[in-house]
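Chain by chain, the residues run as shown.
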Amino acid sequence: MNSPLREAVSARPGELPARGRVTLWQIFAAFLTIGATSVGGGLVAYLRRGLVAKRGWIDDPTFVQLLSISEALPGLNGTNIAILAGDRLRGARGALAAILGICVPGALIMVAAAIAYRSQGDEPVVEAMLATIAAAAVGLSFSVTVQLGQNLLKRLSDFVFVGLTVLLVHGLHLSILPALLAVGILAIWWYRPRPSRREAPPQ
Amino acid sequence: MRQLPVLVGVFAYLSLLTIGGGMSAFPEMKTLTVDVYHWLTFPQLIHFFSVGQLAPGPNMMMVAAVGEWIAGPLGALFVVTAFFLPTALITFCVGRLWNRLEGWPWRDVIQRGLAPVSIGLLLSGSLTVAKGAVTGWLTAFIAIAVFGLLLRTRINPAILIFGAGLIGLFGFLDRW
């Protein structure tokens, strides 16, 4: 248990610290545990605790790097980190073990929920509870958005792009893909790399 | 059974829209599953979304419930695979490429430019859910209270969602 930890600490961010040391089964079991216990959102925090603090499979700078890659790509941050961490630990099969582990518990619970909903969903008492649970979920959803926004939105232009996206998707009912492409390309062009006068690369 | 290929297509497409988080795809999920294909009603979709907040793991595992609802356990399997596999493959490939792109000036710019767009998509997703879920003063109060508590305290959201369910239960019993 100690040697992968020491390797992980000595490795540069982005390298494959403990690759080959951790078995596929260990990867699956670790992600299954995280997938089964991470109730209440904040999956990324659970992943950090499970992979960095508890098992020492990857170091903190690497985790932050995996998170930033995950945020830039489509896909949920939690599953993207699972893929990237699994790949670093044990290659493609590690990635598969990780994503299966993290998805299976929640998926089984939601299938069970749907089956229960089919038989009980139109009971007035169930409807009453689901209505208030949905309201709480709205609060949760907005709070996650605000918290992410506090970290990511820095300039006035950022807020303009947020507003533009909401306007296209919600105001004009444009489907998400064209809105994403339009505002995304505009924003990327806005922040395009400009050759700085002081350190222009020698051509 | 007949709709399995359509299901897979819809959720594979939705998968690609989850920039910033699963919520980004929610407005489109509502349009396709409710308005276009009539697989379920908007309240039903909101219910699955809400119960999904109580399940552990990735927060859009509600798609498993939607798949089960439309086409049984096999539907759940196909929908979950369609929703998670495409982005998993993209992440896998880009993850291996990413380190080699170190120093490529556009790498950080793409990340920088997509950040506000992803927040805008998350906000749109939240607005879509709010439209379906906030139906009166009680639900509005609960939504605002949960929002405020989560921003000001470090309470586990599952506790608040569970508590909201209890409010619904007692509110219902009270009427009898």
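What counts and what doesn't
Residues numbered from 1 in each chain as written. Chains lettered and ligands numbered in written order. Predicted model: local features only at pLDDT ≥ 70, side-chain atom pairs only at ≥ 80, totals over all residues. Helix = DSSP H or I, 4+ residues; strand = E, 2+ residues; numbered from the N terminus. Buried ≥ 20, exposed ≤ 12 C-beta atoms within 10 Å, placed from the backbone. Contact = placed C-beta atoms within 7 Å. pLDDT = per-residue confidence, 0-100. Domains from an automatic or database assignment. Axes fitted to C-alpha atoms, helices over the stretch in contact; angles between N-to-C directions. Parallel < 35°, antiparallel > 145°, perpendicular 65-115°, else oblique. Nonpolar A, V, L, I, M, F, W, Y, C, P; charged D, E, K, R; others polar. Core = buried A, V, L, I, M, F, W, Y, C linked by C-beta atoms within 7 Å. Left-handed = near helix turned anticlockwise from the far one by under 90°. Expected span 1.5 Å × (residues − 1). Bend = angle between axes of the 7 residues up to and from the residue.

**Student:** Could you give an account of the overall build of chain B, with specific residues and numbers?
**Tutor:** From N to C terminus, chain B includes seven helices and zero strands. Along chain B, helices and strands appear, N-terminal first, in the series α-α-α-α-α-α-α. Residues counted as buried form 53% of the 176 residues belonging to chain B. Counted over contacts in chain B with a minimum sequence separation of 6, partners at least 24 positions apart contribute 56%.

**Student:** Hey, could you go over the overall build of chain A for me, with residue numbers and the actual values?
**Tutor:** In terms of regular secondary structure, chain A is built from eight helices and zero strands. Secondary structure of chain A in N-to-C order comes out as α-α-α-α-α-α-α-α. Per-residue burial over chain A gives 48% buried out of 203 residues. For chain A, contacts bridging at least 24 residues in sequence account for 51% of all contacts bridging at least 6.

**Student:** So what's going on with the environment of A:Val138? Residues and values would help.
**Tutor:** Inspection of the secondary structure puts A:Val138 in helix H6 (residues 124–152). Accessibility expressed as a C-beta count within 10 Å gives 29 for A:Val138, which makes it buried. Residues contacting A:Val138, with those up to four places away along its chain left out, are B:Ser126, B:Val129, B:Ala130, B:Ala133, B:Val134 and B:Ala143.

**Student:** Report on the confidence of the model for chain A, specifying residues and quantitative values.
**Tutor:** Parts of the prediction with low pLDDT should not have their coordinates interpreted in detail. Of the residues in chain A, 85% reach a pLDDT of 70 or more, and the chain-wide mean stands at 82. Contacts of residues 1–19 of chain A to residues separated by more than four positions or lying in other chains number 32 contacts, the stretch itself having pLDDT below 50.

**Student:** Give a detailed account of the domain arrangement of chain B, specifying residues and quantitative values.
**Tutor:** Domain boundaries assigned for chain B yield domain 1 (4–131) and domain 2 (134–176). Each of domain 1 of chain B and domain 2 of chain B has a C-alpha centre, and the two are 25 Å apart.

**Student:** Report on the environment of B:Thr128, specifying residues and quantitative values.
**Tutor:** Residue and element names in this part refer to chain B. Mapped onto the fold, Thr 128 is located in helix H5 (residues 105–133). Looking at Thr 128, the number of C-beta atoms within 10 Å reads 25, which means it is buried. Residues within four places of Thr 128 in sequence aside, it is in contact with Phe 26, Pro 27 and Lys 30.

**Student:** Account for the packing of helix H2 (residues 26–36) of chain B against H5(B), naming residues and giving values.
**Tutor:** All names here are of chain B. Running from N to C, H2 and H5 cross one another at 50°; their axes reach a closest spacing of 7 Å. Relative to H5, the element H2 lies oblique. On H5, the residues that touch Phe 26, Pro 27 and Lys 30 of H2 are Ser 124, Gly 125, Thr 128 and Val 129. Of the residues that constitute the contact of H2 with H5, the class distribution is three nonpolar, three polar and one charged.

**Student:** Give me the lowdown on the environment of B:Ser126, citing residues and values where you can.
**Tutor:** Mapping B:Ser126 onto the fold places it in helix H5. It is 8.5 Å that separates the C-alpha atoms of B:Ser126 and B:Ser24, two residues lying 102 residues apart in sequence. The residues contacting B:Ser126, other than those within four sequence positions of it, are A:Val138, A:Ser141, A:Phe142, A:Thr145 and B:Met23.

**Student:** Outline helix H3 (residues 43–54) of chain A, listing residues and values.
**Tutor:** All names here are of chain A. Turning to H3, its buried residues number three or more, namely Leu 43, Tyr 46, Leu 47, Arg 48 and Leu 51. On the buried face of H3, the contacting elements are helix H2 (24–37), helix H4 (60–72) and helix H5 (77–120). One or two steps after H3, the chain reaches Gly 56, where phi turns positive at roughly 65°.

**Student:** I'd like a rundown of the nonpolar core, residues and numbers included.
**Tutor:** Residues A:Met110, B:Ala65 and B:Val79 are the most contacted members of the largest nonpolar core, which totals 117 residues. It is H5(A) that contributes the most residues to this core, 20 residues altogether. Each residue touching A:Met110, except ones within four places of it in the same chain, is listed here: B:Gly52, B:Ala55, B:Met61, B:Met62, B:Ala64 and B:Ala65.

**Student:** Please set out the interface of chain B and chain A residue by residue, giving values where relevant.
**Tutor:** Listed per partner, the contact involves 90 residues of chain B and 83 residues of chain A. Of all the elements in the fold, those that place two or more residues in the side of chain B that touches chain A are helix H1 (4–16), H2, helix H3 (42–52), helix H4 (62–98), H5, helix H6 (137–152) and helix H7 (157–174) of chain B. Sort the elements by how many residues they give to the side of chain B that touches chain A and H5(B) lands first, with 23 residues. Here the residues of the side of chain B that touches chain A sort into 60 nonpolar, 27 polar and three charged.

**Student:** Report on the packing of H6(B) against H7(B), specifying residues and quantitative values.
**Tutor:** Helix packing for two helices is described by the angle between their axes and how far apart those axes are. Residues and elements named next belong to chain B. Relative orientation of the contacting elements H6 and H7 amounts to 160°, with a least axis distance of 11 Å. With respect to their mutual orientation, H6 and H7 come out roughly antiparallel. The handedness of the crossing between H6 and H7 comes out as right-handed. Here Ile 142, Val 146, Leu 149 and Leu 150 of H6 lie close against H7, whose contacting residues are Pro 157, Leu 160, Ala 164 and Ile 167.

**Student:** Please give an account of H4(B) that cites residues and values.
**Tutor:** Under the 1.5 Å per step criterion, the end-to-end length of H4(B) is only 30 Å for 37 residues, more than 12% shorter than the ideal 54 Å. For H4(B), the principal kink sits at B:Ala71 and spans about 140°; a proline, B:Pro73, occurs within the next four residues.

**Student:** An account of the confidence of the model for chain B is needed here, citing residue identities and associated values.
**Tutor:** Taken as a whole, chain B shows an average pLDDT of 89; of its residues, 98% reach a score of 70 or greater. With pTM at 0.82, the complex prediction returns an ipTM value of 0.85.

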